[in-house]
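In case you want the letters, here they are:
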Amino acid sequence: MIAEGCIMARVCHTNNCPVGVASQKEALRKRFTGIPEHVVNFFLFGKTAEEISTLQQEGYRPWELISSMPELGDVLRLIEQGHFSNGDGDLFRPLLQNLTGRDPFFVLADFNDYLRAQGEVDRAWADRGRWNRMSLLNSARSGFFSSDRSIREYAERIWQADSYPVTITCETE
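Residues numbered from 1 in each chain as written. Predicted model: local features only at pLDDT ≥ 70, side-chain atom pairs only at ≥ 80, totals over all residues. Heavy atoms only, no water.

**Q** What am I meant to see in the overall build of the protein chain here?
**A** When helices and strands are counted, the protein chain shows nine helices and zero strands. Listing the helices and strands of the protein chain from first to last along the sequence gives α-α-α-α-α-α-α-α-α. When burial is assessed residue by residue, the protein chain has 29% of its 173 residues classed as buried. For the protein chain, contacts bridging at least 24 residues in sequence account for 57% of all contacts bridging at least 6. In the structure as shown, the protein chain presents an accessible area of about 12,500 Å², 55% of it carried by carbon and sulfur atoms. (Helix = DSSP H or I, 4+ residues; strand = E, 2+ residues; numbered from the N terminus. Buried < 20%, exposed > 50% of the residue type's maximum accessible area, 1.4 Å probe, protein only. Contact = heavy atoms within 4.5 Å. Areas by Shrake-Rupley, 256 points an atom, 1.4 Å probe, with all protein chains shown as cover.)

What follows is the structure in structure tokens.
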């Protein structure tokens, strides 16, 4: 999957890969154009490229976001206090300095929309029938991206290695 250039690699292994593929590899994009109805648990959040461009032009100041969103300040304080790092308040200090100083990737700018999307996820999770259906459909539709196929293709195309069949038996006495 990663060898194919698929940016969905980070979610496909959790059975959350839609049928469409966003990839730098044109052949994959043509083969897996996607069916919108098949994207059943994709929760989009974040600013668009145009919104980020506007923020850049207007002068993005992450500290203003922090002071205007109490939840964001709370999260940053938890990180600073080591809540997510076994009490090590220094572990994420460089990250915090980056986010609260200049936030070059506009991470904090997406926080509010992340909370909105997380609310959608929470509602989907609470509906067990819906969540189970979404999980099953995504598992069923991600077959092409199995590691077995990827490894086999790597072995043939990249490593030029012969396959070695293995027979597994389950003999019992």
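**Q** Mind showing me how you'd approach the nonpolar core here?
**A** In globular proteins that are soluble, nonpolar side chains generally tend to be buried together. Core analysis: the biggest nonpolar cluster contains 13 residues, and Tyr-60, Ile-66, Leu-72, Leu-76, Phe-106 and Leu-108 have the highest contact counts within it. Where this core is concerned, the elements lending two or more residues are helix 5 (70–80) and helix 6 (93–101). In terms of residue count, the dominant contributor to this core is helix 5 (three residues). The next biggest cluster of nonpolar side chains, apart from the first, holds five residues, and it includes Phe-43, Val-121, Ala-124 and Met-134. (Core = buried A, V, L, I, M, F, W, Y, C linked by side-chain atoms within 4.5 Å.)

**Q** Help me understand the environment of Phe-43 in this model?
**A** You can see Phe-43 is positioned in the loop between helix 2 (26–31) and helix 3 (49–58). The buried category is assigned to Phe-43, whose relative accessible area is 18%. For the pair Phe-43 and Glu-120, spaced 77 residues apart in sequence, the C-alpha to C-alpha distance is 7.4 Å. In this view, Phe-43 contacts Glu-120, Val-121, Ala-124, Arg-130 and Met-134; residues no more than four positions away in its chain are not counted.

**Q** Sorry if this is basic, but what is going on with the pattern of salt bridges here?
**A** Any two side chains of opposite charge can pair, so long as their charged atoms come close to each other. Using the criterion set out here, one finds six salt bridges in the structure. Here Arg-61 ties to Glu-64 by a salt bridge, and the two come within 2.8 Å at their closest N and O atoms. Its relative accessible area of 34% is what places Arg-61 among the partly exposed residues. Arg-116 serves as the salt-bridge partner of Glu-120, at 2.2 Å between the closest nitrogen and oxygen. Here Arg-116 and Glu-120 lie together in helix 7 (residues 111–126), a separation of four residues that amounts to about one turn. Where salt bridges share partners, they join Asp-113, Arg-116 and Glu-120 into one cluster. (Salt bridge = Lys/Arg side-chain N within 4 Å of Asp/Glu carboxyl O.)

**Q** Looking at this model, I keep getting lost on unusual backbone geometry. Mind explaining?
**A** Negative phi characterises most residues that are not glycine, and trans characterises most peptide bonds. For Asn-86, which is not glycine, the phi dihedral falls at a positive 55 degrees. Along the chain, Asn-86 falls in the loop between helix 5 and helix 6. On the basis of relative accessibility, which here comes to 84%, the residue Asn-86 falls in the exposed class. Backbone geometry places Gln-160, a non-glycine residue, at a positive phi of 50 degrees. Checked against the element boundaries, Gln-160 lands in the segment after helix 9 (147–158).

**Q** Would you mind going over the packing of helix 5 against helix 6 with me for this structure?
**A** Packed helix pairs are characterised by how far apart their axes lie and by the angle those axes make with each other. Running from N to C, helix 5 and helix 6 cross one another at 155 degrees; their axes reach a closest spacing of 10 Å. Judged by the inter-axis angle, helix 5 sits roughly antiparallel to helix 6. You can see that helix 5 and helix 6 cross each other, and the crossing is left-handed. Across the interface between the two elements, Leu-76, Ile-79 and Glu-80 of helix 5 pack against Leu-96, Leu-99 and Thr-100 of helix 6. Residue composition of the contact of helix 5 with helix 6, grouped by class: four nonpolar, one polar and one charged. (Axes fitted to C-alpha atoms, helices over the stretch in contact; angles between N-to-C directions. Parallel < 35°, antiparallel > 145°, perpendicular 65-115°, else oblique. Left-handed = near helix turned anticlockwise from the far one by under 90°. Nonpolar A, V, L, I, M, F, W, Y, C, P; charged D, E, K, R; others polar.)

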